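Listed below, chain by chain, are the residues.
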Amino acid sequence: MIGKVIDVTVDNVVGEVMKMKNDGHRLVTFSTYQEGEDGLGILYHFDKELETTHLRMTVKRDAPIPSVSGVYFAALLVENEIRDQWDVKFDGLVLDFNRSLYLDPEVTQVPLVSNVKIEPKK
Amino acid sequence: MFGSFIKKSRAKSPWIIHFDCGSCNGCDIEVLACLTPLYDVERFGVVNVGNPKHADVLLVTGTVNHRNKKVLKNIYDQMPEPKAVIAIGACGNTGGVFREAYNVVGGVDQVIPVDVYVPGCPAKPEAIIDGVVVGLGKFAQKVEEAD
Amino acid sequence: MATTVIPFGPQHPVLPEPVHLTLKVEDEIVKEAIPALGYVHRGLEKLADIRDYHQMIQVCERVCGICSMIHAVCYSQAIEELMGVEVPKRAQVLRVIWSELHRTHSHLLWLGLFADAFGFESLFMQFWKIRERIMDINEATTGSRVIVSVNVIGGVRADLSPEQIRWILSEVDIVEKEVRALQDTIMNDYTVKARTVGVGVLSKENAYLLGAAGPTLRGSGVAQDMRMLGYGGYSEIDFEPVVETSGDCWARSTVRFRETLQSMDLVRQAIAKLPEGELAAKVKGNPPEGEVYTRVEQPRGECVYYIKGNGTKHLDRLRIRTPTFANIPPLLAMLPGCELADVPVIVLSIDPCISCTER
Ligand code: SF4
């Protein structure tokens with residue numbers, strides 16, 4: 001993967017993101033992926049003058065994740081999206097759609113978790 | 001006398017409303033392209049309107065998902081009788097490439113009755129115009145039957 | 001002053017797509033805007049579970065019909081990087097040609113819709129009339145007007161013959177001439193300026209901090225364009241990003257207008273440098289375990305794909321971040337303080353593509 005990857009933890013993620021902001025980085029987006037049975041990997045992608053930097057954090061899905069939307073307002077949309085897709089909680093999200101950004105109450109499954117598979121239709 | 005005049009003009013100059021319900025924009029811009037100089041459906045008396053209460057024919061592009069099915073139903077219910085519905089593109093017909101995705105309900109006919117299905121991914125403007133013309137035939141028939 | 005809540009959308013005459021904004025207004029002035037998305041959400045990232053990595057190209061093209069070509073380029077570049085496939089030079093340059101044609105048609109489409117947003121219908125018709133020439137090129141060279149589907153992993157599946165190249169060049173000249181004829185209207189016309197100058201201003205700092213992308217960012221004076229990375233065939237081509245500094249709707253429309261002309265130039269450059277050679281490299285096996293992160297420039301801005309392979313023909317994770325997704329927070333920052341009547345113009349000025357945003 002292009003760019004430097006820095007590992008962070010739940011405890012220092014907000015501080016690290018703050019540091020990136022003070023360094024003049026632009027928050028591009030987050031990516032998420034399944035990590036083990038009940039874990040979630042989050043990559044925070046940053047860009048500065050076309051150079052990419054990533055922060056990588058691995059968390060458990062049942063514990064709240066500290067939100068960085070207080071640092072970068074733009075993080076609010078993607079955190080709400082992750083909330084929809086993985087059913088995780090963010091601590092201190094500035095505008096919480098409560099899993100209704102994309103999904104309606106009828107959809108009860110958690111879309112991206114790997115034990116939920118979609119079926120080919122006839 | 002006045003009634004028959006209205007009846008005749010409704011079928012001759014149908015007003016259409018376009019609703020994008022989760023399409024990828026491919027079919028959407030083709031519907032818009034129908035209104036622009038090269039294809040110009042206005043020469044058939046077809047006028048595009050923004051208010052469902054003014055419309056006779058509903059053009060729907062894209063798949064139905066759990067959130068927009070209520071909007072679609074609502075728009076359909078607001079249109080005065082008689083009315084015709086044209087589903088455009090593979091998505092509008094069956095769900096297309098997205099049919100298995102978790103938030104997709106399926107084609108437009110899962111929610112409202114459809115009169116004409118226009119195939120293609122995206123449907124070409126020629127096909128859409130063709131569909132509108134077929135739809136108009138059905139619409140005229142409904143106007144006839146309405147009283 | 002009492003606050004009134006005005007719903008904007010999901011079905012609205014100026015919006016081609018369903019999106020909903022809850023506007024809190026006092027008098028005629030917007031105080032706050034809260035978005036509601038999800039009307040176009042399909043969940044197609046999850047389709048990677050049942051479609052193999054070749055079939056996913058068709059799905060990625062349908063993230064958004066307007067920039068379908070460039071989505072496919074981004075996806076194929078990611079997979080090629082993951083699998084270590086060397087794409088032939090000719091295929092790379094051909095991808096540039098179709099990408100730039102796509103950018104032109106997308107910008108012309110947007111310029112038309114933008115004109116329509118402030119009620120200038122004849123300008124809308126003019127831009128869309130010009131756009132049909134590009135659609136004809138697409139149809140003649142690939143067989144389809146909008147979703148061209150020319151990308152395969154490892155290259156492209158269609159070629160341009162010398163006659164076609166000559167014809168494209170002559171069409172491009174006509175398009176450029178016709179677009180230039182409208183320059184005075186879209187940039188200097190009194191009514192157009194009255195509706196766009198000073199409306200929806202986004203400062204340079206805000207644009208950067210809120211993570212804006214593409215013309216929205218460049219309209220605020222930040223020179224950033226992913227084509228500067230020189231991905232694929234862009235390494236062969238001279239390229240300078242188009243920047244405006246005033247940060248209002250006028251600046252964003254001018255950036256897009258000038259980019260349209262620039263794209264015509266890039267098509268000519270690419271055609272001049274088109275090398276001979278293969279169209280596609282052979283691709284064997286499955287994407288190995290690993291991660292890739294690719295970025296390309298779409299008509300609406302920077303598009304990011306993150307892909308995680310697991311050694312099977314199905315990808316472990318496909319994540320797509322599209323430009324409009326990045327441009328929604330800046331939009332929320334532009335709206336407070338504007339007149340209610342300007343809301344459609346401001347919303348359109350970021351070139352919203354909702355089906356991209358929600359996928
Ligand atoms: S039918 Fe094809 S082009 Fe039309 S909305 Fe669906 S995916 Fe897009």
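About the cut-offs
Residues numbered from 1 in each chain as written. Chains lettered and ligands numbered in written order. Predicted model: local features only at pLDDT ≥ 70, side-chain atom pairs only at ≥ 80, totals over all residues. Heavy atoms only, no water. pLDDT = per-residue confidence, 0-100. Contact = heavy atoms within 4.5 Å. Buried area = accessible area lost by both parts, 1.4 Å probe. Salt bridge = Lys/Arg side-chain N within 4 Å of Asp/Glu carboxyl O. Axes fitted to C-alpha atoms, helices over the stretch in contact; angles between N-to-C directions. Helix = DSSP H or I, 4+ residues; strand = E, 2+ residues; numbered from the N terminus. Parallel < 35°, antiparallel > 145°, perpendicular 65-115°, else oblique. Nonpolar A, V, L, I, M, F, W, Y, C, P; charged D, E, K, R; others polar. Near = heavy atom within 4 Å. Polar contact = N/O pair within 3.5 Å; in protein donor to acceptor, adjacent residues only side chain to side chain. Buried < 20%, exposed > 50% of the residue type's maximum accessible area, 1.4 Å probe, protein only. Patch = residues over 30% accessible without salt bridge, like charges linked within 9 Å, V, L, I, M, F, W, Y side chains within 5 Å. Areas by Shrake-Rupley, 256 points an atom, 1.4 Å probe, with all protein chains shown as cover.

Asks: I tried to follow the confidence of the model for chain B on my own but got confused; where do I start?
Replies: Reading fine detail from the predicted coordinates is not recommended where pLDDT is low. Mean pLDDT over chain B works out to 81, with 96% of the residues at or above the 70 mark. Scored as a complex, the prediction yields pTM 0.86 and ipTM 0.82.

Asks: Honestly, the interface of chain C and chain A in this entry has me stumped. Any pointers?
Replies: Many structure descriptions define interface size as the accessible area lost when the parts assemble. Taken together, the 38 residues of chain C in the interface contact 43 residues of chain A. Here chain C packs against chain A, burying approximately 3500 Å² in sum over the two surfaces, 61% of which is carbon and sulfur. Its largest share of buried area at the contact with chain A, chain C owes to C:Lys46, C:Tyr208 and C:Tyr293, together 19% of the area lost on that side. Linking chain C with chain A are four salt bridges. With a shortest N-O distance of 2.8 Å, C:Glu291 and A:Arg56 are connected by a salt bridge.

Asks: Even after reading the chapter, I still don't get the packing of helix α2 (residues 75-86) of chain A against helix α11 (residues 323-334) of chain C, so can you show me in this structure?
Replies: A pair of packed helices can be characterised by two numbers: the angle between their axes and the separation between those axes. Across the interface, α2(A) lies against α11(C) with an axial gap of 8 Å and an inter-helix angle of 125°. Between α2(A) and α11(C), the crossing angle belongs to the class labelled oblique. Note on element contacts: α11(C) touches α2(A) through C:Phe325, C:Ile328 and C:Pro329, opposite A:Leu77, A:Val78 and A:Glu81. For the contact of α2(A) with α11(C), the per-class residue count stands at five nonpolar, no polar and one charged.

Asks: I'm lost on the site of the ligand in this one. Help?
Replies: Lining the immediate surroundings of the ligand are 13 residues, of which B:Cys24, B:Cys27, B:Ala90, B:Cys91 and B:Cys121 lie closest. Those residues lying near the ligand are distributed over chains B and C. Those elements giving two or more residues to the shell around the ligand turn out to be α2 (26-35) and α4 (89-94) of chain B. Here the shell around the ligand takes three residues from α4(B), the largest share from any one element. Taken together, the residues of the shell around the ligand sort by class into eight nonpolar, four polar and one charged.

Asks: Would you mind showing me how to read the interface of chain B and chain C here?
Replies: The partner chain C presents 38 residues to the 39 residues of chain B that form the contact. Summing the contributions of chain B and of chain C, the shared interface buries around 3100 Å²; its carbon and sulfur component is 64%. Taken together, the links from chain B to chain C amount to two salt bridges. With a closest N to O distance of 2.4 Å, B:Lys124 and C:Glu139 form a salt bridge. Where chain B meets chain C, there are eight residue pairs in polar contact (both at pLDDT 80 or more). For the side of chain B that touches chain C, the secondary-structure elements that each account for two or more residues are β1 (15-20), α2 and α3 (68-78) of chain B. Examining the composition of the side of chain B that touches chain C, we find that seven residues originate from one element, α2(B), more than from any other. Class assignment for the residues of the side of chain B that touches chain C results in 21 nonpolar, eleven polar and seven charged.

Asks: When you look at the side chain of C:Glu171 in this model, what are you seeing that I'm missing?
Replies: Residues and elements named next belong to chain C. With respect to the secondary-structure elements, Glu-171 resides in helix α5 (residues 162-181). When its relative accessible area of 10% is taken as the criterion, Glu-171 is described as buried. Not counting residues up to four positions away in its chain, the partners in contact with Glu-171 are Arg-133 and Ile-137.

Asks: Would you mind going over the environment of C:Glu132 with me for this structure?
Replies: In this fold, C:Glu132 is placed in helix α4 (residues 121-142). For the pair C:Glu132 and C:Gln77, spaced 55 residues apart in sequence, the C-alpha to C-alpha distance is 29 Å. Excluding anything up to four places from it in sequence, C:Glu132 contacts B:Ala33, B:Thr36, B:Leu38, B:Tyr39 and C:Arg145.

Asks: How should I be thinking about unusual backbone geometry in this particular structure?
Replies: Across residues other than glycine, the phi torsion is negative in most instances, and most of the peptide bonds are trans. Here the bond from B:Cys121 into B:Pro122 is cis, since omega is -5°, no more than 30 degrees from zero. A positive phi is found at B:Asp40, a non-glycine position, where the angle reads about 45°. Here B:Asp40 shows up in the loop between α2 and β2 (47-48). In this structure, C:Ser149 is a non-glycine residue whose phi angle is positive, near 55°. Take C:Ser149: its relative accessible area is 18%, and that puts it in the buried class.

Asks: Looking at this structure, I do not really get a nonpolar patch on the surface. What am I missing?
Replies: A surface patch of nonpolar side chains, about 230 Å² in accessible area, is lined by A:Phe73, A:Val94 and A:Leu95. One can find A:Val94 in the segment after β6 (90-91).

Asks: Looking at this model, I keep getting lost on the pattern of salt bridges. Mind explaining?
Replies: A pair can form between side chains of opposite charge whenever their charged atoms are brought close. Throughout the structure, instances matching the rule amount to 32 salt bridges over all chains. The residue A:Asp47 makes a salt bridge to A:Arg26 at a minimum N-O spacing of 3.6 Å. Pair noted here: A:Asp47 is in strand β3 (residues 39-48) and A:Arg26 is in strand β2 (residues 26-35), with a separation of 21 residues, a long-range link. By sharing partners, the salt bridges in this structure join C:Glu100, C:Arg103, C:Arg218, C:Asp225, C:Arg227, C:Glu259 and C:Glu297 into a single network.

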